[in-house]
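So the chains spell out like this:
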Amino acid sequence: MARIITLTVNPAIDKSTAVAGIVPNTKLRCTEPTYDAGGGGINVSRAIHKLGGTSLCTYFAGGPSGDYLKQLLNEQNIEQAVVSIAGWTRENLAVTDTTTNQQYRFGMPGPPIREIEWQSALKQLEIQLNKGDYLVASGKLPPQIPEDFYEKVSHIAEKKEARFILDTSGEALMKASKSKIYMLKPNLAELGALCGVSSITDLELKPLTKQFLKNHDCEILVVSLGPKGALLVTKNETVHVPAPVVHQKSTIGAGDSMVAGMVMSLIWGKPLSDMVRYGVACGTAATMHHGTQLCIKEDADKLYEWIKEQNPILETN
Ligand SMILES: Nc1ncnc2c1ncn2[C@@H]1O[C@H](COP(=O)(O)OP(=O)(O)OP(=O)(O)O)[C@@H](O)[C@H]1O
Ligand SMILES: [Mg+2]
């Protein structure tokens, strides 16, 4: 049976706390912090687990914070393949000001990854991947790793006849888009960057995606549209799934929950139109909860049923 392997190049420990008022030059007494394992692929693995699936979570980790990251994932029973690095895994900080309910998020740069370390990750992937597996890479690249790293990953997936699913941004996305990708999940801004345009209107979206598929070795393109849902485009079909309106708490992790839902749907052997429906259901389910909690299966399943009942899918060729 096909397996899911996730790849996180720039993982983090997400530390969250709260304080009554953020003011300068004074000691701010924060509440007991909570700690979560974070980073694109790690979030996808956590969401897959919450949806009842399993994955092998591959990531770089180093130092005492790296050890703690392993412990956090162990506690969630997530299977891990750790690539050891000399640098220390980064820690991000999110502070909620309880007087305004505003959250301040401080993101740290990841540790530099040395050539011997990223080469070792590529070797590990080559050993782990089998024909038909899904390799899901999500997240930005940390310093010093070559910007074409995901392109190198794509070549390994191709060699092993595995299916490469990518969700990233910036130069890493531009470089990787030149290689073979089974499914790409940009948001609207990322698609704009890929197509060299600064904004995309509703009328321009479909022709742009068709044009993109014509010029790239990409089988499935899913453009996530935030509260407007998502558009799936392949050579043969175009499917738009609007997102249901929910009581929204936080959009953190919506993209990763969506990717997790789609890859689980593929594992269950569902057609692509159902895959994108379940992806939207999981992405929207993630927005119903605070912080780093990702999607809950019960919410995702209810939203999926609602989406199916509404049958709001517009399918065209
Ligand atoms: N405000 C919202 N209301 C309902 N659903 C939402 C909302 N924002 C996001 N979603 C759901 O999550 C999916 C992914 O969201 P989005 O398009 O914002 O991805 P993203 O920009 O890649 O997110 P991320 O910041 O997590 O990387 C959407 O397709 C939709 O299903
Ligand atoms: Mg995203």
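Residues numbered from 1 in each chain as written. Chains lettered and ligands numbered in written order. Predicted model: local features only at pLDDT ≥ 70, side-chain atom pairs only at ≥ 80, totals over all residues. Heavy atoms only, no water.

Trainee: Help me understand the pattern of salt bridges in this model?
Mentor: The final tally for this structure, using the stated rule, is eleven salt bridges. Measuring nitrogen to oxygen at the nearest pair gives 2.7 Å for the salt bridge that ties Asp 274 to Arg 277. Taken together, the residues Asp 274 and Arg 277, both in helix α9 (residues 272-286) and three residues apart, mark about one turn of the helix. Note on Asp 274: relative accessible area 13%, which makes it buried. (Salt bridge = Lys/Arg side-chain N within 4 Å of Asp/Glu carboxyl O. Helix = DSSP H or I, 4+ residues; strand = E, 2+ residues; numbered from the N terminus. Buried < 20%, exposed > 50% of the residue type's maximum accessible area, 1.4 Å probe, protein only.)

Trainee: I tried to follow the site of ligand 1 on my own but got confused; where do I start?
Mentor: Neighbouring ligand 1 are 19 residues, the closest being Lys 185, Ser 224, Gly 226, Gly 229 and Gln 248. In the environment of ligand 1, an oxygen atom lies 2.9 Å from a nitrogen or oxygen atom belonging to the backbone of Gly 255. Within the backbone of Val 280, a nitrogen or oxygen atom sits 3.2 Å from an oxygen atom of ligand 1. Here ligand 1, which alone exposes 630 Å², has 79% of that area covered by the protein. (Near = heavy atom within 4 Å. Polar contact = N/O pair within 3.5 Å; in protein donor to acceptor, adjacent residues only side chain to side chain. Areas by Shrake-Rupley, 256 points an atom, 1.4 Å probe, with all protein chains shown as cover.)

Trainee: Any chance you could explain the nonpolar core here in plain terms?
Mentor: In globular proteins that are soluble, nonpolar side chains generally tend to be buried together. By size, the foremost hydrophobic cluster in this structure holds 44 residues, and its most contacted members are Leu 7, Phe 60, Leu 135, Phe 149, Tyr 150, Phe 164 and Leu 184. For this core, the leading source of residues is helix α4 (residues 149-159), giving five residues. Not counting residues up to four positions away in its chain, the partners in contact with Leu 7 are Gly 41, Thr 58, Leu 125, Leu 135, Val 136, Ala 137, Ser 138, Phe 149, Tyr 150 and Val 153. (Core = buried A, V, L, I, M, F, W, Y, C linked by side-chain atoms within 4.5 Å. Contact = heavy atoms within 4.5 Å.)

Trainee: How do you make sense of the packing of helix α8 (residues 254-267) against α9 when you look at a structure like this?
Mentor: Angle between the axes and distance between the axes: these two values describe a pair of packed helices. Interaxial distance between α8 and α9 falls to 7 Å at its minimum, and their mutual angle equals 145°. For the pair α8 and α9, the crossing hand works out as right-handed. Taking contact as the criterion, the partners of Ala 254, Ser 257, Met 258, Gly 261, Met 262, Ser 265 and Leu 266 in α8 are, on α9, Leu 272, Asp 274, Met 275, Val 276, Tyr 278, Gly 279, Val 280, Cys 282, Gly 283 and Ala 286. Classifying every residue of the contact of α8 with α9 gives eleven nonpolar, five polar and one charged. (Axes fitted to C-alpha atoms, helices over the stretch in contact; angles between N-to-C directions. Left-handed = near helix turned anticlockwise from the far one by under 90°. Nonpolar A, V, L, I, M, F, W, Y, C, P; charged D, E, K, R; others polar.)

Trainee: Would you explain unusual backbone geometry in this entry?
Mentor: Residues other than glycine predominantly adopt negative phi, and peptide bonds predominantly adopt the trans conformation. Not every positive phi belongs to a glycine, and Glu 161 is a case in point at roughly 60°. Considering the arrangement of structural elements, one finds Glu 161 in the loop between α4 and β9 (163-167). For Leu 294, which is not glycine, the phi torsion reads 60° and is therefore positive. Here Leu 294 shows up in the loop between α9 and α10 (297-310).

Trainee: I'm lost on the packing of aromatic side chains in this one. Help?
Mentor: For any pair of aromatic rings, the description rests on two quantities: the centre-to-centre distance and the angle between the ring planes. Taken as a whole, this structure holds six aromatic pairs when the rule is applied. Between Phe 149 and Tyr 150 the ring centres are 6.2 Å apart and the planes differ by 55°, which places this aromatic pair in the tilted class. Ring pairs connect the aromatic residues Trp 118, Phe 149 and Tyr 150, which therefore count as one cluster. Taking NZ or CZ as reference, Arg 163 lies 5.8 Å from the ring centre of Tyr 182, over its face. (Phe/Tyr/Trp six-rings, centres within 6.5 Å; stacked < 30°, edge-to-face > 60°. Lys NZ or Arg CZ within 6 Å of the ring centre and 35° of its normal.)

Trainee: Can you help me understand the pairing of strand β10 (residues 181-184) in this one?
Mentor: Two faces, one strand: in a regular strand the side chains alternate between the faces of the sheet. By the bridge criterion, two bridges tie β9 to β10 in an arrangement that is parallel. Across the sheet, Ile 165 pairs through a bridge with Met 183, a residue of β10. (Pairing = 2+ DSSP bridges.)

Trainee: What should I look at first to understand the environment of Leu 205 in this one?
Mentor: Locating Leu 205 in the fold gives a position in helix α7 (residues 202-215). Its relative accessible area of 9% is what places Leu 205 among the buried residues. When the C-alpha atoms of Leu 205 and Asn 43 are compared, they prove to be 28 Å apart, with 162 residues separating the residues in sequence. When neighbours within four sequence positions are excluded, Leu 205 is seen to be in contact with Leu 188, Leu 191, Ile 200, Val 223, Leu 225 and Leu 231.

Trainee: Can you walk me through the environment of Arg 3 in this structure?
Mentor: By the element assignment, Arg 3 lies in the segment before β1 (4-8). Taking the C-alpha atoms as reference points, Arg 3 and Val 44, separated by 41 residues in sequence, lie 14 Å from one another. Every residue in contact with Arg 3, bar those within four places of it in the chain, is listed here: Leu 56, Gln 128, Asp 133 and Tyr 134. Of note is the side chain of Arg 3, whose polar atom sits 2.8 Å from the backbone oxygen of Gln 128.

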